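For reference, the chains in residue letters:
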Amino acid sequence: MATKILRHILRLPSSHFMYRRWESSNTKVAVYDPFANKPKKNKDTYLEAIKMFENQDNRRRGHVEFIYAALARMKEFGVHKDLQAYKALVDVLPKGKFIPSNIFQAEFMHYPKQQQCAVDLLEQMEDNKVMPDSELEQMLLNVFGKRGIPLRKFWRMLYWMPKFKNLSPWYLPDELPNDTLELAKMAIHRITSVDPTMKIEIWQTEEIEACIDKTWIVSAQSETQKILLSEQPPDEPLVVRGPYEVYLKEQVVTYFTLLGKVRPEHKDDFDQDDVSNLKKPSGIPGFIGQTTLPVVKCTVHEQDDGTIVAVCATGSSSRDSLLSWIRLLEKYDNSVLSNLPVIFTLTAPSNDVVVQETQPAAEDVKRVQN
Amino acid sequence: MNIARTLCVKQLNGISRTISRKIGFTATNYEATNAVQPKIQEEKFDFEDLQVIERTEQRKPKIPPFMKDVFVSVFQRDLLAYPEILDKEETESMEKRAETLDKVFQDKTKSKEERRNVLKSTKMYAAPVNWTRNGLAANQTESIRYLETVSPDFELAHELSDHWVALRALQHGLTAEQYAAVIDELSTGDATVTLCIKERIAERLAQPDFRTTATLDAQGVWRITGEKMCTRGDGFMLVLCKVEADHLKAFLVHPGATGVTFDGNFVHFQKTTGTPLSQIPNADLGKIFGISRLHAATLCRCQLKYAISKIVEYVKPRSFSGKPLAELSTIRAIVGESLLHVYASESTEYFTAGLIDGYVDPDAELEMAMCRNYINSRGLFSLINLLEIPALEQEEECKKIFDRMRILASGGESLDGINTFIALNGIHHAGKIMAEEIKQIRNPLMHPAFIIKKALSNRHQVKDDPKLTLHLSEHLHPTLKPASDQLEYCVLRMRFACETLMSRHGMEVSVAYMELKRLAEAATLILAMTSVLARASRAYCIGLRNAEIEMKLATCFVSKTISEVRQLILDIDNGEFLNHDRFKVEFGRKVLDTNTVLVERPTSRVFW
């Protein structure tokens, strides 16, 4: 009989069995929310509220509900990336009580609601890329013992999070700057890192007399791109494309590209297997390479839809600021732009196409067809 | 006897030929007896006409290119007889002239002017010029010997080397009238010619690699515009220019020509007039200018020799722990190794000079490049090891030696450039011969029978144990049998390496630079091994003084070098992942992109 009961228990899905007990009581207890009426919402008041909860009742009744409520309010208080705040929340849990004392307790998730609460807390830490430390490990050990689910979660986090932390080849500081110009510089640096010779310039639209929109422009152009732009035939228009978005953690920066013509593809019509007439050098000591330049696509900037000859982000992302960008590009080493038509195909803010014959700056604003 | 030989020959076809060799019928050696005996061609001249009295050269008939053939594992065994170009009279006259030069150049008290004077009096400035033009009509063997003698004065030797190459180019390139107009001034040594070939690496994407251009103006005068690397701004200059997009032509710029400005290591031309060397075809330009590689190798080797003598002078009077410093085995080993390099380089240079001087219409471009390649790569490292012995004690002297070596090694062209030239020429030659085979290897499903045959025939090569079928030892002294077998192994591996490369990359092989570099190095070492063995064998056979040391040097050099060649070819066979090229290239790319060392400091931690 006992064997039958045990078999039945084992056959049941463990999650069903274990979670039912606390699922029914979930969110049914109305608790006092100490975070709601704080006049100042910062780290100090957040920690103060936690301290108040700890002090008001030695038995810490309703601590699970309190932690869930506190977790939900973290962003509001700006502590969602603060390890100390998470530690303070873990500290709310009573020590020793939840440590399993036999194998059955260890196996069948001792105090599942509390364990799940701690796992959720760790999950939130992970979502916010807050890396736990060994002190937190000690705290969790004191609360749930070494066989607790939160500990397993903690160890997995400690294994993976340092590996993921620096996985991106584009380094960003832990705290992003609040200044949009700095963010734009970072974004443009990231999207132009494909060419190591890229030069990033910061211009002010005020440099162009006729500009309406006074803002900054972060423009990136490499020497290669300048040359590609100088090869643009005068009858083929350049195209300003955008806005495109690039994400820096939670921040979004919009950027625009200036596209030119594409050189023909390298013709691959020779037989790869025929080695009967391989190329050989002239043999003159000191004479290397070619006397002419290739006329086919051979740089990273030459993509299928066009050659990217410059990239920018502006303070307002407006059409006028982009026009100023073209003027500034012309002013700084791209004199060829004075003879080239430029088409603005912006998906926002309007859906129209603007053709701009780029002439001296004073005249050109009048010619813009809105 | 002839009947008997014919009968034997008929029986020794195919496999029996190899068997007969193994059981020792050396008297009926089919290959050796039937080998093409060199026919001596004497130049005929008319005794009546004094104008045509010129030095006669006894050249053997044209032979296929030696080192190019090695790329397909074909070895001309006749060349294992080390070349003897000069007869008794010529040797004596050369040694006499060298002795005169030596007296002045070894004497440190002599000034540059005195040295110039002795060069003039011995007609050194007219060495390659014909007798009828009051020159010496010196061949390459003599030129190298003279250059060795002059080498203690580095600047003069360098100048002389450029001058000789330019004189040869002028002789072939100018019309008779143009040549007559300039040759007298050049022969006397009052003015010398500097080679202006190399340009700076393009600094912008829009610049082609080679930019100096010559255009014909309305008056029919050639005008040169551009910039060249050049260390001397006086005298004549021989400038290589592009004309009509991709056609190259050399121009002679006279001293004092308008539009020439000299700036440190660069000379600028601005619509400078030049005399075109129009008689010389584009293909021959490389052959003539290529001689400068041979000269550079000689000068490099002389610098290494000079460094050895300086180190000996330093070590001899000093002691360490109560014993002479010279007893330290590490020092002895370093000096010994340097000697090996000097011996190998010297053998290779004279072997190559012999190829150029001894045969009609020689194709020795590759060999000349290999001479330079060998001493550049080995010489520089050897020199660093040597100069570590006095460390900072003789800093000025060490700096001077090292700087000269560095200029010789990297001046004119880079080591990578030479390696690429060697490998591409070799692979071009191999490609012509192996094209059909490569096509089949690259399309295995279309040629299953061939692939099975290939797998069977290559089984020894795959195991790195080719069957030795060239029998090179028959052309060397019997005591060099093990060394000649090692050379044979290297030669036989070359075809396999070329086959591997071409079947792996197809037409793209010309941009597989890392693998081509290995191939070039392996080929260079094979030339060095060949020359060393041939020289030592000849020296021992004819009874030269210290011939037994030469034999030891040769054996040691070959057995030391075989492991390098083996590894180089194994690396080619293994491919980019096993030989780590893939990773090294990737690391290099990242460093070049970011200009950082990529990794964090060793003290960095992640705190948790």
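Rules used in this analysis
Along each chain, numbering runs from 1 in the same order as the chain's sequence is written. Think of it this way: whatever chain is written first is A, whatever ligand is written first is 1, and the rest follow in order. Whole-chain, interface and lining totals are the exception, using all residues; otherwise, since this is a predicted model, local features are given only for residues with pLDDT of at least 70 and side-chain atom pairs are given and counted only at 80 or more. Note that the side-chain values use all heavy atoms of the structure and ignore hydrogens as well as water. Going along the chain from the N terminus, every DSSP run of H or I of four or more residues is numbered as a helix, and every run of E of two or more is numbered as a strand. Relative accessibility under 20% of the residue-type maximum defines a buried residue, over 50% an exposed one, and the middle range a partly exposed one, all with a 1.4 Å probe and only protein chains included. We call two residues in contact whenever any of their non-hydrogen atoms come within 4.5 Å of each other. All accessible areas in this document rest on Shrake-Rupley with a 1.4 Å probe, and a residue is counted as covered only by the protein chains that are shown. Scored from 0 to 100, pLDDT records how confident the predictor is in each individual residue. Two strands form a pair only when DSSP identifies at least two bridges running between them. Here the quantity called buried area is the total loss of accessible area, with a 1.4 Å probe, experienced by two parts when brought into contact, counted for both. Any carboxyl oxygen of Asp or Glu that lies within 4 Å of a side-chain nitrogen of Lys or Arg is treated as forming a salt bridge with it. What qualifies as a polar contact is a pair of N or O atoms within 3.5 Å, subject to a donor-acceptor requirement within protein and to the restriction that residues adjacent in sequence count only when both atoms come from side chains. Amino acids outside the nonpolar list (Ala, Val, Leu, Ile, Met, Phe, Trp, Tyr, Cys, Pro) and the charged list (Asp, Glu, Lys, Arg) are all regarded as polar, and Gly is one of them.

Description of the overall build of chain A
- On a plain count of helices and strands, chain A comes out with 14 helices and 8 strands.
- Residues counted as buried form 45% of the 370 residues belonging to chain A.
- For chain A, the proportion of contacts with a sequence separation of at least 24, taken over those separated by at least 6, is 67%.
- When the accessible area of chain A is evaluated, it comes to approximately 20,600 Å², of which 53% is carbon and sulfur surface.

Observations regarding the confidence of the model for chain B
Residue and element names in this part refer to chain B.
- Per-residue pLDDT for chain B has a mean of 87; in total, 91% of the residues score no lower than 70.
- Under a pLDDT of 50 for its full length, residues 1-14 has, in the predicted model, 7 contacts with residues more than four places off or in other chains.
- Contacts from residues 23-36, a stretch scored under 50 in pLDDT, to residues over four places away or in other chains number 14 contacts.
- Of the two predicted TM-score estimates for the complex, the pTM is 0.82 and the ipTM is 0.72.

Digging into the pairing of strand E6 (residues 306-314) of chain A
Residues and elements named next belong to chain A.
- Counting buried positions along E6 gives 8 out of 9 residues, so the element sits mostly inside the fold.
- Relative to E6, strand E2 (residues 216-221) runs antiparallel, the two sharing 4 bridges. Residue pairing across strands places Ser219 opposite Cys312, the latter belonging to E6.
- One ladder, built from 5 bridges, connects strand E4 (residues 251-260) with E6; its direction is antiparallel. Of the residues in E6, the one forming a bridge with Thr257 is Val311.
- Sheet topology note: the strand E5 (residues 302-303)/E6 ladder contains 2 bridges and is antiparallel. Within E6, the position partnered with Gln303 by the bridge is Gly306.
- The antiparallel pairing of E5 with E6 creates a hairpin that spans 2 residues between the two strands.

Section: the interface of chain A and chain B
- Chain A puts 34 residues into the contact, and the matching count from chain B is 47 residues.
- Taking both sides of the interface into account, the surface hidden between chain A and chain B amounts to around 3,500 Å²; carbon and sulfur atoms contribute 67%.
- Put simply, Arg442(B) and Asp273(A) hold a salt bridge, and the shortest N to O gap is 2.6 Å.
- Linking chain A with chain B are 5 residue pairs in polar contact (both at pLDDT 80 or more), by the criterion used here.
- Secondary-structure elements contributing two or more residues to the side of chain A that touches chain B are helix H10 (149-165) and helix H12 (223-230) of chain A.
- For the side of chain A that touches chain B, the per-class residue count stands at 15 nonpolar, 13 polar and 6 charged.

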